[in-house]
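Next come the chains, spelled out residue by residue.
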Amino acid sequence: EPCLLASLAVITGASGGIGEATAILFARAGCNVILLARRQEALDEVAKKCREEGGDNIKVLAKTLDVNDRDAVERLIHELKENGFDTFDILVNNAGGAVGKEQVGDLSLSDIDYMISTNLVSLMQISQVFVNEMKKADIGHIINIGSLAGREAYVGGSVYCAVKHAVKAFTTSLMKELVATGIKVSEVAPGFVETNFSVTRFRGDADAAAKVYEGFTPLTAEDIAEEIVWCALRPPHVQIAELYVLPSAQASATIIARK
Ligand code: 8X3
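The structure contained in this document is the topic of the report that follows. Just so it is clear, the model here is predicted, and its values are computed rather than measured.

Quick notes on the rules
- Residues numbered from 1 in each chain as written.
- Predicted model: local features only at pLDDT ≥ 70, side-chain atom pairs only at ≥ 80, totals over all residues.
- Heavy atoms only, no water.
- Core = buried A, V, L, I, M, F, W, Y, C linked by side-chain atoms within 4.5 Å.
- Buried < 20%, exposed > 50% of the residue type's maximum accessible area, 1.4 Å probe, protein only.
- Helix = DSSP H or I, 4+ residues; strand = E, 2+ residues; numbered from the N terminus.
- Contact = heavy atoms within 4.5 Å.
- Expected span 1.5 Å × (residues − 1).
- Near = heavy atom within 4 Å.
- Polar contact = N/O pair within 3.5 Å; in protein donor to acceptor, adjacent residues only side chain to side chain.
- Areas by Shrake-Rupley, 256 points an atom, 1.4 Å probe, with all protein chains shown as cover.
- Phe/Tyr/Trp six-rings, centres within 6.5 Å; stacked < 30°, edge-to-face > 60°.

Remarks on the nonpolar core
Line of reasoning, step 1. With 40 residues, the main nonpolar core has Phe26, Leu35, Cys50, Ile90 and Ile228 as its most contacted residues.
Line of reasoning, step 2. The greatest single-element share of this core, amounting to 8 residues, is contributed by helix H8 (residues 221-233).
Line of reasoning, step 3. Beyond its immediate sequence surroundings of up to four residues, Leu35 is in contact with Ile11, Ala14, Ala23, Leu43, Val46, Ala47, Cys50, Val60, Leu61, Ala62 and Lys63.
Line of reasoning, step 4. Judged by nonpolar contacts, the second largest core, of 26 residues, contains Leu36, Val73, Ile126 and Leu174.

Following this line, the structure appears as structure tokens:
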């Protein structure tokens, strides 16, 4: 059975949701983890849980990073090396999200820019920075978090669906570019997962967010974390190119069996 002992996983958006659950599962699998997100306090909490899971055998670093801060991302590898990390086995590009459900005509330019920046430009920059490190060791695995929104465009999701389709395309190009290397590329694309995602999408309206998951059993962050760690645990000759994961009661953005 393959094992992640002594590997190192870097996870963006690690302060909550899928990112947090993924960090905890990697730690449980004996993997060292670097947690990246904006909120240091929340990250410290996740780091504590990772240490509880992984015990004394793993290294855990919680580092504040705004993925939209291009200079900070450029400095990141250098700073991680200063902290004693020198090879980066697994990168999970998880940071991202949707803001608003407005239709075209009512979109604000700042929401458009923010979603493109957070979900796409940042993911591209971070991938590039780590690919160059992984190439030196000729080993690595980049796991990008895609979405149902990268498979299907829906009403009120124009910008988010556009960026998630772009994440899928970027991930596929990257996989093709790296085919002759020891670096694997995967996309894990979930449907409805109950996290803070919908609270952000509805700008803090918790009732509107709760309605998204009403009357059926949505995926949990842990469900997707299991898929991510499973991808990373495949033997060297197996590359999960893409994994599209839906709740059993969901068949599309709008076909949901609610009781
Ligand atoms: C997943 C959210 O609403 O596009 O990214 O399925 S949704």
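Still to come is the rest of the account.
Let's talk about helix H5 (residues 158-177)
Line of reasoning, step 1. The terminal C-alpha atoms of H5 lie 29 Å apart, and with 20 residues this matches the ideal 28 Å at 1.5 Å per residue to within 8%.
Line of reasoning, step 2. Taken together, the buried positions of H5 are occupied by Val159, Tyr160, Cys161, Val163, Lys164, Val167, Thr171 and Leu174.
Line of reasoning, step 3. Where the residues of H5 are buried, they touch helix H4 (109-137), strand S5 (140-145), strand S6 (183-190) and helix H6 (197-201).

A few points about the site of the ligand
Line of reasoning, step 1. Close to the ligand lie Ser147, Leu148, Ala149, Tyr154, Tyr160, Pro190, Gly191, Phe192, Phe197 and Arg201, which account for all nearby residues.
Line of reasoning, step 2. Note that an oxygen atom of the ligand is positioned 2.6 Å from one of the side-chain N or O atoms of Ser147.
Line of reasoning, step 3. With respect to the ligand, the side chain of Tyr160 contributes an N or O atom lying 2.7 Å from an oxygen atom.
Line of reasoning, step 4. When the ligand sits alone it has 250 Å² of accessible area, and the protein chains cover 91% of it.

Quick notes on the packing of aromatic side chains
Line of reasoning, step 1. Summed over the entire model, instances satisfying the criterion amount to 4 aromatic pairs.
Line of reasoning, step 2. Here the aromatic rings of Phe88 and Phe130 are separated by 5.4 Å at their centres, their planes lie at 85 degrees, and the arrangement is edge-to-face. Within this pair, whereas Phe88 is found in the loop between helix H3 (70-82) and strand S4 (90-93), its partner Phe130 is found in helix H4, the two being separated by 42 residues in sequence.
Line of reasoning, step 3. Taking the relative accessible area as the measure of exposure, Phe88 reaches 3% and is therefore buried.
Line of reasoning, step 4. According to the relative accessible area criterion, Phe130 is buried, its value standing at 0%.
Line of reasoning, step 5. A centroid spacing of 6.3 Å and a plane angle of 45 degrees characterise the contact between Phe192 and Phe216, whose relative ring orientation is tilted. Placement of the pair is Phe192 in the loop between S6 and H6 and Phe216 in the loop between helix H7 (206-212) and H8, with a sequence separation of 24 residues. Like Phe192, the residue Phe216 is buried in the burial classification.

Notes on unusual backbone geometry
Line of reasoning, step 1. The phi dihedral of Asp138 falls on the positive side, at around 50 degrees, and the residue is not glycine.
Line of reasoning, step 2. Mapped onto the elements of the fold, Asp138 is located in the loop between H4 and S5.
Line of reasoning, step 3. In this structure, Arg203 is a non-glycine residue whose phi angle is positive, near 50 degrees.
Line of reasoning, step 4. You can see Arg203 is positioned in the loop between H6 and H7.
Line of reasoning, step 5. On the accessibility criterion, Arg203 (44% relative accessible area) is partly exposed.

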